[in-house]
Amino acid sequence: MLSIHASRPLAVTVLIVLLAACGTKPEVAEAPRVARVAQVDAATALDISIYPGEVHARYESALGFRVGGKISSRQADVGSHVSKDEILAK
């Protein structure tokens, strides 16, 4: 068994270690964030670029349905511009 005198240095050591752990750590400054800055100006006709392309849905289904009747005339071709309520086929 340990005597009272032998356990006293152990208790003091444990107390010192516990008190040392209670200290506050210096806060580390956060690195500054990089900000991208751009001056907004009015665009001219020379600054505008036009690129041809097609827009497709992410998921497409190739579906076709047979219906009665025949197409007598087609008013719009593939890729042509159409407006609302315009007749596409008869």
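A few words on the pattern of salt bridges. One side chain can pair with another of opposite charge once the charged atoms of both are near each other. Throughout the structure, instances matching the rule amount to two salt bridges. Of the charged contacts, one joins Glu-30 and Arg-33 as a salt bridge, the two residues approaching to 3.7 Å between their closest N and O atoms. Relative accessible area serves as the criterion here: at 75%, Arg-33 is assigned to the exposed category. One salt bridge in this structure joins Arg-74 and Asp-77, with 3.5 Å as the shortest N-O distance.

What follows deals with unusual backbone geometry. In this structure, Asp-85 takes a positive phi of about 65° despite not being glycine. Among the structural elements, Asp-85 can be located in the segment after α1 (4-21). Residue classification places Asp-85 among the exposed residues on the basis of a relative accessible area of 73%.

Before going further, it helps to examine the environment of Ala-76. Within the secondary structure, Ala-76 sits in the segment after α1. Between the alpha carbons of Ala-76 and Ile-87 there is a distance of 8.0 Å; along the sequence they are 11 residues apart. Filtering out sequence-adjacent residues up to four positions away, Ala-76 remains in contact with Val-82 and Leu-88.

The next subject is a nonpolar patch on the surface. A cluster of nonpolar side chains, namely Leu-10, Val-14 and Leu-18, defines an oily patch on the protein surface of about 290 Å² accessible area. The topology assignment puts Val-14 in helix α1. The exposure class assigned to Val-14 is partly exposed, which follows from its relative accessible area of 44%.

Rules used in this analysis
- Residues numbered from 1 in each chain as written.
- Predicted model: local features only at pLDDT ≥ 70, side-chain atom pairs only at ≥ 80, totals over all residues.
- Heavy atoms only, no water.
- Salt bridge = Lys/Arg side-chain N within 4 Å of Asp/Glu carboxyl O.
- Buried < 20%, exposed > 50% of the residue type's maximum accessible area, 1.4 Å probe, protein only.
- Helix = DSSP H or I, 4+ residues; strand = E, 2+ residues; numbered from the N terminus.
- Contact = heavy atoms within 4.5 Å.
- Patch = residues over 30% accessible without salt bridge, like charges linked within 9 Å, V, L, I, M, F, W, Y side chains within 5 Å.
- Areas by Shrake-Rupley, 256 points an atom, 1.4 Å probe, with all protein chains shown as cover.

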